[in-house]
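# Structure at a glance
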Amino acid sequence: MVRNITSFTGNGVADWLVQRVSAVILAAYTVFLTLWFLALPEWSYEAWSGLFAQGWVKVFTLLAILSFVAHAWIGIWTATTDYLKNTTVRVLVQLTVILVLFVYLILTFDAVWGV
Amino acid sequence: MKVSVYRYNPEADRKPYMQDYTLDLPEGKDLMVLDVLNLLKEQDATLSYRRSCREGVCGSDGMNINGRNGLACITPLSQALNGKSSLVVRPLPGLPVVRDLVIDMSLFYQQYEKIKPYLQNDEPAPAIERLQSPEDRAKLDGLYECILCACCSTSCPSFWWNPERFVGPAGLLQAYRFLADSRDTATDERLAELDDPFSVFRCRGIMNCVNVCPKGLNPTRAIGHIRSMLLKNAT
């Protein structure tokens, strides 16, 4: 049995399912924001903050950033285990990506709930 | 015609090189690539390659012909050239070269061994054969025909990068052949061996395997069926 401790869930079926579901959520969020921008008569900070003042938009945004982190990690993990054969280099790149994704996650939480 | 062949003899050469040959072909005949190699062998007896049945049944002479994996014995020269004037022959990519066009297929066979390519049945053996309905037998069509030539697995980048951990298209086609067999009762055990992030899920569905299979089989579809079975079992 092949094991890997750094994959997102450690299980191939779960990783695969998470990657697909998160892709659908990200696609829906992208379409939602694009349509919102196109439908807006005039772009302004008030309209933007008004959008994010609504509870369901906050929840949708957090769902999207969680999907982004999971989706990106599964993809990057796959690419690093394919191409980076040196263990030190691979682990360093993986840890750097985890750090960056963690920062994105915290900043998004802060932006949505902090204001 | 110019023929360029990958040459490497680990005992004599420091590194592999391409050797060019000029060959006079018989008029009015579309030779197979294997016939061309046999003519070269008459010129240069040191050239090494595997071949046996010379009719696409044994799977010995898988090689990379003008950039595409295939069996030399059933690849017509006209098809291999496809309008070009010279032929370039290399070993199947991704596995260690033993000599010239002969590769070491140990990793390929290890993956095949891993999927336990034989029927497992824990019920008492009947007095006659274990019978199958025609419908159940039909489920094995498109799976059992694989001759293990390795053209598919050695055209798969996922297998190039992780040949120790990704089973590869040939092994997975056979894994599904036993998962789909109504006479096999080890389905759960088989699936349990495949649900890690590498064995099946390293397949990204680029279908190089389908593109090169000399028998016209579809490993990507079989992998999709395994994925569905794993998903059904796990959710």
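Just so it is clear, the model here is predicted, and its values are computed rather than measured.

### Re the overall build of chain A
Along the backbone of chain A there are 4 helices and 0 strands. When the backbone C-alpha atoms are referred to their principal axes, chain A occupies close to 55 × 25 × 20 Å. Residue burial in chain A is summarised as follows: out of 115 residues, 14% are buried. Residue pairs at least 24 apart in sequence account for 70% of intrachain contacts in chain A once pairs closer than 6 positions are excluded.

### Quick word on helix α3 (residues 55-83) of chain A
An ideal rise of 1.5 Å per residue puts 42 Å on 29 residues; α3(A) measures up with 42 Å between its terminal C-alpha atoms. Every buried residue of α3(A) is listed here: A:Thr61, A:Ile65, A:Ser67, A:Ala70, A:Trp73, A:Ile74, A:Trp77, A:Thr78 and A:Thr81.

### Describing the environment of B:Thr154
Residue and element names in this part refer to chain B. Along the chain, Thr154 falls in the loop between α4 (134-138) and α5 (157-161). Between the C-alpha atoms of Thr154 and Ala127, which are 27 residues apart in sequence, the distance is 43 Å. Setting aside anything within four residues of it in sequence, one finds Thr154 in contact with Asn69, Leu92, Pro93, Gly94, Leu95 and Phe159.

### With respect to the interface of chain A and chain B
When the parts of a complex come together, some accessible area is lost, and that lost area is often taken as the interface size. Counting from both sides, the interface comprises 13 residues of chain A and, opposite them, 14 residues of chain B. Considered class by class, the residues forming the side of chain A that touches chain B number 6 nonpolar, 4 polar and 3 charged.

### As for the pairing of strand β3 (residues 62-65) of chain B
All names here are of chain B. Alternating residues of β3 divide into Gly62 and Asn64 and Met63 and Ile65, and every residue in both groups is buried. Judged from the 4 bridges that link them, β3 and strand β4 (residues 68-71) form a sheet pairing that is antiparallel. The residue of β4 that forms the bridge with Met63 is Gly70. The antiparallel pairing of β3 with β4 creates a hairpin that spans 2 residues between the two strands, and Asn66 there sits at a positive phi of about 45°. The sheet contact formed by β3 and strand β5 (residues 86-90) spans 2 bridges and is antiparallel. Bridge pairing in β5 links Ile65 to Val89.

### Here's the deal with the packing of α3(A) against helix α4 (residues 87-113) of chain A
Residue and element names in this part refer to chain A. Direction vectors running N to C along α3 and α4 enclose 175°, while the axes themselves pass 10 Å from each other. Classed by the angle they form, the pair α3 and α4 counts as roughly antiparallel. From α3, Lys58, Thr61, Leu62, Ile65, Val69, Ala72, Trp73, Ile76, Trp77 and Thr80 reach across to α4, where they touch Arg90, Val93, Gln94, Val97, Leu101, Tyr104, Leu105, Thr108, Val112 and Trp113. Grouping the constituent residues of the contact of α3 with α4 by class yields 14 nonpolar, 4 polar and 2 charged.

### Observations concerning the nonpolar core
If you look at the biggest cluster of nonpolar residues, it comprises 55 residues, and the most contacted ones within it are B:Ala72, B:Leu172, B:Ala175, B:Val200 and B:Ile226. No other element matches helix α6 (residues 168-179) of chain B, which puts 7 residues into this core. Two domains each provide a minimum of three residues to this core, namely domain 1 (2-103) and domain 2 (106-234) of chain B. Excluding residues within four positions of it along the chain, B:Ile226 makes contact with B:Leu172, B:Ala175, B:Tyr176, B:Leu179, B:Leu194 and B:Val200. A:Phe8, A:Trp73, A:Ile74 and A:Trp77 belong to the second largest nonpolar core, which has 5 residues in total.

### Considering the environment of A:Ser7
Its location among the elements puts A:Ser7 in the segment before α1 (12-39). Here the alpha-carbon distance between A:Ser7 and A:Thr78, two residues 71 residues apart in the chain, equals 8.1 Å. Dropping the residues within four chain positions of it, A:Ser7 is found in contact with A:Asp15, A:Trp77 and B:Pro197.

### Quick look at the pairing of strand β1 (residues 2-7) of chain B
Pairing of β1(B) with strand β2 (residues 17-22) of chain B involves 6 bridges; the strand directions are antiparallel. Bridge pairing links B:Ser4 to B:Asp20 in β2(B).

### Description of the sheet that holds β3(B)
Residues and elements named next belong to chain B. Spatial ordering of the open sheet is given by β2-β1-β5-β3-β4, a layout of 5 strands whose pairing is mixed. Because the sheet does not close on itself, it has two edges, and the strands there are β2 and β4. Between one strand axis and the next, the sheet turns through 30° on average, direction left out of account. Of the pairings in the sheet, the one linking β1 to β5 comprises 4 bridges and is parallel in character. The residue bridging Val5 from the neighbouring strand is Val89, located in β5. Of the strands in this sheet, β1, β2, β3 and β5 are in contact with helix α1 (residues 33-43), which crosses β1 at around 80°.

Calculation criteria
- Residues numbered from 1 in each chain as written.
- Chains lettered and ligands numbered in written order.
- Predicted model: local features only at pLDDT ≥ 70, side-chain atom pairs only at ≥ 80, totals over all residues.
- Helix = DSSP H or I, 4+ residues; strand = E, 2+ residues; numbered from the N terminus.
- Buried ≥ 20, exposed ≤ 12 C-beta atoms within 10 Å, placed from the backbone.
- Contact = placed C-beta atoms within 7 Å.
- Expected span 1.5 Å × (residues − 1).
- Nonpolar A, V, L, I, M, F, W, Y, C, P; charged D, E, K, R; others polar.
- Pairing = 2+ DSSP bridges.
- Axes fitted to C-alpha atoms, helices over the stretch in contact; angles between N-to-C directions.
- Parallel < 35°, antiparallel > 145°, perpendicular 65-115°, else oblique.
- Core = buried A, V, L, I, M, F, W, Y, C linked by C-beta atoms within 7 Å.
- Domains from an automatic or database assignment.

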